[in-house]
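# Geometric and topological summary
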Amino acid sequence: MTTTLSRRPPSGDRLPAGQRPNAALDLLALPGVGRFLRWRHSRLMLQLPLLAVSVVMVAHAFWGPDLAPKNLAALLTWVHFRGLVVLALLCAGNLFCMACPFLLPRELARRLIAPRWEWPRWLRGKWLSLALFVAVLFTYELFDLWSDPWWTGVLIVAYFAAALLVDALFRRASFCKHVCPVGQFNFLGSTLSPLEVAVRDHQVCHTCSTKDCIVGRRAEAPQALDRQRPAGEAQLPIIQRGCELGLFQPRKVGNLDCTFCLDCVYACPHDNVGLLARLPAEELVAAGSRSGLGVVERRADLSAWMIVFTFAALLNAFAMISPVYALEQAIAEWTGLTVEWPILAALFAVTLLIEPALLLAAAAYTTRWLSGTGESLLAIVQRFARSLVPIGFGIWLAHYGFHFFTGLWTVIPVTQHTVWRTTGRELLGAPQWHLGGLPESVVFPLEMGFLGLGLLGSWLVAWGISRQLAAERTLGGWAPWAALHLAIFAAAVWILTQPMDMRGTFLGG
Amino acid sequence: MSARTWRPSPARWPRFGRRPLRWPCAALAGLLSVLSVLGSAAAHEGPPFPIVVDQTLGEYTVSVWADPDIGTAQFFVILESPAKDFADRVPRVALWVEPVSGRLPRVTCPAEQQAMRNRLQFEARPVFDQRDQWRVGVQLTASGGETQELTMQVESTPPGYGAWDLAIYLFPFVLLGGLWAVAMLRRSAVACPHDAPIAEPPRESVLRAKQTAPGPVTKFQGSAVREVE
């Protein structure tokens, strides 16, 4: 028997707000792009080109020119990839995780060997990924990865190997949820995205008995198999995965932990999951429990990620301007140190630990005093940590956008040069080295625009949180955090007006 | 599994009334006013770009990147060589500049070697007094005293941006920010559908479901799924 399931109940219009079907623009309902994304192999089609580019980058890293501006591995990784990721997060959503090439080898491996273990309980959460994020930033500065194609290639290969190893051994999306620092970065950035994978109509979920969006769907049991026995059912092959990151669609809030893999879309037997437009950053104000995450404002690891995400944005931009070199030199002369890593470690400790601790404690203390709340300082910091994400993302956008826009067309001559070096013939023409990127007069206002939007977002989020904390004294609760956001904004503006290395596009260091 | 009826819980979702958000908006408007007069502030140094790439000069392959801003400009000279020990035989590098029109005499400035891990790179900082076409020469003097020269032409460019540039390019962001703030303002205190207390399936069933690898393609057609019994 063939049954066609209708999508929405007819009585949706009479329901109170919040229970009505979501009327927002649904990307999956659009012709063309919607049809493509609803195709079950669309993710694979997005991953394959990125995998091919990754292979070319790795080959060029190990066998191409040593000069970063002429090497596709360094150029694409540190200029184009980072810029495209943050711009995609701003304009659409977590598109890189959707097209992540690191997961293709693991998909292949899982067809041969089923993972056997659960991710260790003591490693669950975001602490490991946070440590890896800081470690990558540290090695990036210490070993000048932007100017070293060989080590950039090593980093790419290591990433593939780690994803393959973790997900070959551990069930579900352990790498994405607990390990991948790029993924966590994207999750936080996607809180500012205009798209979200969400339920179209919650009434449909109330009547759903299978919960395929999280459980997944198995093949039909043959007649001979006793379907009453759970053990027997468990042996049936999965024909469609549910959410491997443990997000139950009806209780999912926002984009945190969502890789845009669309498994839930394919799994839902009611076709009730869409890629819906929404108001960016609004999810950062939402309080309460979320599926797969719990209560965000009570999770120390998530709060720590948000804080590091923001202050690392400042640090990463600060580390590429001239004053930091003078500072490092002064510290070296003062201490007599002849190696860089202790100085860099001290810089990281100050920027990612001491400075945030002092600033956040001061803001929380003032908030408690002005708003009259009885919450502890730590609880206040955890509440308002979410308000740091927009300004942090604005800084990442401004920084990576600077490299991306000023080096926008450099990929053309480098590709031409690569083809010429590889084949001995100018199949794509002679390298057009004059191609650079957008002029400074255009890029700088873009940077300021990104920072301004980030500041506005932080203020709006802080306002919403302050209303939850103390409805009668909202302004008192908001003002200290608004001042902190403004200070971060001012620091970012100062950094971005300094002479800056061009990294991948340029031979600075 | 029971699917309980749920009611919206407005307290869990932010209420953005019109009045309370006056402060964030007023503060932002003030800040944008300050930004709009930032046009004369210090700018980035312009992005250096290659003006010579892979030119052979003696035993070296030379590339020159330039940031020819008016005032103090930057030139980077990169030397490559197939010889393994070329980094041990560092030549002396100098750079001269003169206006193509000949209105100023030629000025030579030394290029200092930069501390790079795996290549020879030199930086020179000539001064350009105004927007003009300049002839630039790079001189390589080997340890034996033999000098070779490479010449090129470059136009000096004004640094930074003007106030109008800033205002024009910032306008879309102001517009977007305004729309964003208004959307937040107009967002009434509707309950978030995410608060629906629909019980998640038991963890055991989720665990059981993940124990085998994904199989072949499911049937997915258009806006509905066909289930075959």
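So, about the overall build of chain B. Per the secondary structure count, chain B includes three helices and twelve strands. Split into buried and exposed, the 229 residues of chain B put 29% on the buried side.

It is worth spelling out the sheet that holds strand β5 (residues 92–99) of chain B at this point. For sheets, the rule is that strands pair by backbone hydrogen bonds, running either parallel or antiparallel. Residue and element names in this part refer to chain B. Ordered by their spatial adjacency, four strands build an open sheet running β6-β5-β10-β11, and the pairing between neighbours is antiparallel. Looking at which strands have only one partner, the edges of the open sheet turn out to be β6 (107–110) and β11 (147–155). Geometrically, the sheet is characterised by an average inter-axis angle of 20° between neighbouring strands, direction not taken into account. Pairing of β5 with β6, which is carried by four bridges, proceeds in the antiparallel orientation. Following the sheet pairing, Leu95 is matched in β6 by Cys109.

This next bit is on the domain arrangement of chain A. Quoted interface sizes are often the accessible area lost when the parts come together. Residue and element names in this part refer to chain A. By the assigned domains, chain A splits into domain 1 (21–280) and domain 2 (298–497). Domain 1 and domain 2 are separated by 25 Å when their C-alpha centres are compared. In this complex, domain 1 contributes 30 residues to the contact, which on the side of domain 2 involves 32 residues. Looking at the side of domain 1 that touches domain 2, the elements with two or more residues in it are α3 (72–91), α6 (127–142) and α9 (181–189). Counting residues per element, the side of domain 1 that touches domain 2 draws most heavily on α3, at eleven residues.

Residues and elements named next belong to chain A. Mean pLDDT over chain A works out to 87, with 91% of the residues at or above the 70 mark. Looking over chain A, one finds the lowest element-wise mean pLDDT in strand β1 (residues 2–4), namely 37, and the highest in α9, namely 97. Every residue in residues 1–13 is under pLDDT 50, and counting partners more than four places away or in other chains gives 23 contacts. Low confidence marks residues 503–509, where pLDDT is under 50. Its contacts with residues over four positions away, or in another chain, come to 39 contacts.

Residues and elements named next belong to chain A. For the pair α6 and helix α16 (residues 341–371), the least separation of the axes is 11 Å and the interaxial angle reads 140°. With respect to α16, the element α6 is oriented oblique. By crossing handedness, the relation of α6 to α16 is classed as right-handed. Between α6 and α16, the contacting residues are Val134, Phe138, Glu141 and Leu142 on the first element and Trp341, Leu344, Phe348 and Leu352 on the second. For the contact of α6 with α16, the per-class residue count stands at seven nonpolar, no polar and one charged.

All names here are of chain A. Where α3 meets helix α7 (residues 149–169), the axes come as close as 8 Å, and the angle between the chain directions of the two elements is 65°. For the crossing formed where α3 meets α7, the hand is left-handed. Here Ala73, Ala74 and Thr77 of α3 lie close against α7, whose contacting residues are Pro149, Thr152 and Gly153. For the contact of α3 with α7, the per-class residue count stands at three nonpolar, three polar and no charged.

Reading the values: rules and limits
- Residues numbered from 1 in each chain as written.
- Chains lettered and ligands numbered in written order.
- Predicted model: local features only at pLDDT ≥ 70, side-chain atom pairs only at ≥ 80, totals over all residues.
- Helix = DSSP H or I, 4+ residues; strand = E, 2+ residues; numbered from the N terminus.
- Buried ≥ 20, exposed ≤ 12 C-beta atoms within 10 Å, placed from the backbone.
- Pairing = 2+ DSSP bridges.
- Axes fitted to C-alpha atoms, helices over the stretch in contact; angles between N-to-C directions.
- Domains from an automatic or database assignment.
- Contact = placed C-beta atoms within 7 Å.
- pLDDT = per-residue confidence, 0-100.
- Parallel < 35°, antiparallel > 145°, perpendicular 65-115°, else oblique.
- Left-handed = near helix turned anticlockwise from the far one by under 90°.
- Nonpolar A, V, L, I, M, F, W, Y, C, P; charged D, E, K, R; others polar.

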